[in-house]
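Summary of structural features
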Amino acid sequence: MKAFRCGDVVPGCNREFLGVDRADILAQVAAHAREDHHVDVDDVLVRAVEANLRDEG
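Notes on the structure in this doc start here. None of the values given here were measured: they were computed from a predicted structure.

1. A short note on the pairing of strand E1 (residues 2-5)
As paired strands, E1 and strand E2 (residues 16-19) are joined by four bridges and run antiparallel to one another. Paired with Lys2 across the strands is Gly19, a residue of E2. Relative to strand E3 (residues 54-55), E1 runs antiparallel, the two being bridged by two bridges. Across the sheet, the residue bridging to Lys2 is Asp55, located in E3.

This is the structure we're talking about:
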């Protein structure tokens, strides 16, 4: 299980994500980035998310 806190990349955002693997987290974060932050996912965002992924459970 993987976990990610959006606030680790976007200060002030309290959204947290849990997923079975990296791809699951990236899919959730991509939707969140578009819907809530109005940004497109690019390589910089993917690298930032990957750098802040942690194992959960």
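2. Observations concerning the nonpolar core
Within the largest apolar cluster, ten residues are counted, these being Phe4, Cys6, Cys13, Phe17, Ile25, Leu26, Val29, Ala33, Leu45 and Val49. Counting only elements with at least two residues in this core, the list comes to helix H1 (22-36) and helix H2 (43-51). Broken down by element, this core gets its largest block of residues, four residues, from H1. Sequence-distant contacts of Leu45, defined by excluding residues within four places in its chain, comprise Val9, Ala33 and Asp40.

3. Considerations on the packing of aromatic side chains
Overall, the coordinates contain one aromatic pair when judged by the stated rule. Ring centres 6.2 Å apart and planes at 25 degrees place the aromatic pair Phe4 and Phe17 in the stacked group. One end of the pair, Phe4, is in strand E1; the other, Phe17, is in strand E2, and 13 residues separate them in sequence. Among the residues examined, Phe4 registers a relative accessible area of 2% and is labelled buried.

4. A few points about the packing of H1 against H2
At a minimum axis distance of 11 Å, the contact between H1 and H2 shows a crossing angle of 125 degrees. One finds that H1 runs oblique with respect to H2. When you trace H1 past H2, the crossing you get is right-handed. Across the interface between the two elements, Arg22, Ile25, Leu26, Val29 and Ala33 of H1 pack against Leu45, Val46, Val49 and Glu50 of H2. A breakdown of the residues in the contact of H1 with H2 according to their chemical character gives seven nonpolar, no polar and two charged.

5. Examining the pattern of salt bridges
What the rule picks out here adds up to five salt bridges. The closest approach of N and O atoms between Arg22 and Glu50, which form a salt bridge, is 2.4 Å. Separated by 28 residues along the polypeptide, Arg22 in helix H1 and Glu50 in helix H2 bring together distant segments of the chain. The partly exposed category is assigned to Arg22, whose relative accessible area is 41%. Across the salt bridge formed by Arg54 and Glu56, the nearest N and O atoms sit 3.9 Å from each other. Accessibility expressed as a relative area gives 24% for Arg54, which makes it partly exposed.

Definitions and limits used
Residues numbered from 1 in each chain as written. Predicted model: local features only at pLDDT ≥ 70, side-chain atom pairs only at ≥ 80, totals over all residues. Heavy atoms only, no water. Pairing = 2+ DSSP bridges. Helix = DSSP H or I, 4+ residues; strand = E, 2+ residues; numbered from the N terminus. Core = buried A, V, L, I, M, F, W, Y, C linked by side-chain atoms within 4.5 Å. Buried < 20%, exposed > 50% of the residue type's maximum accessible area, 1.4 Å probe, protein only. Contact = heavy atoms within 4.5 Å. Phe/Tyr/Trp six-rings, centres within 6.5 Å; stacked < 30°, edge-to-face > 60°. Axes fitted to C-alpha atoms, helices over the stretch in contact; angles between N-to-C directions. Parallel < 35°, antiparallel > 145°, perpendicular 65-115°, else oblique. Left-handed = near helix turned anticlockwise from the far one by under 90°. Nonpolar A, V, L, I, M, F, W, Y, C, P; charged D, E, K, R; others polar. Salt bridge = Lys/Arg side-chain N within 4 Å of Asp/Glu carboxyl O.

Everything listed here is a matter of geometry and, on its own, says nothing about what the molecule does.
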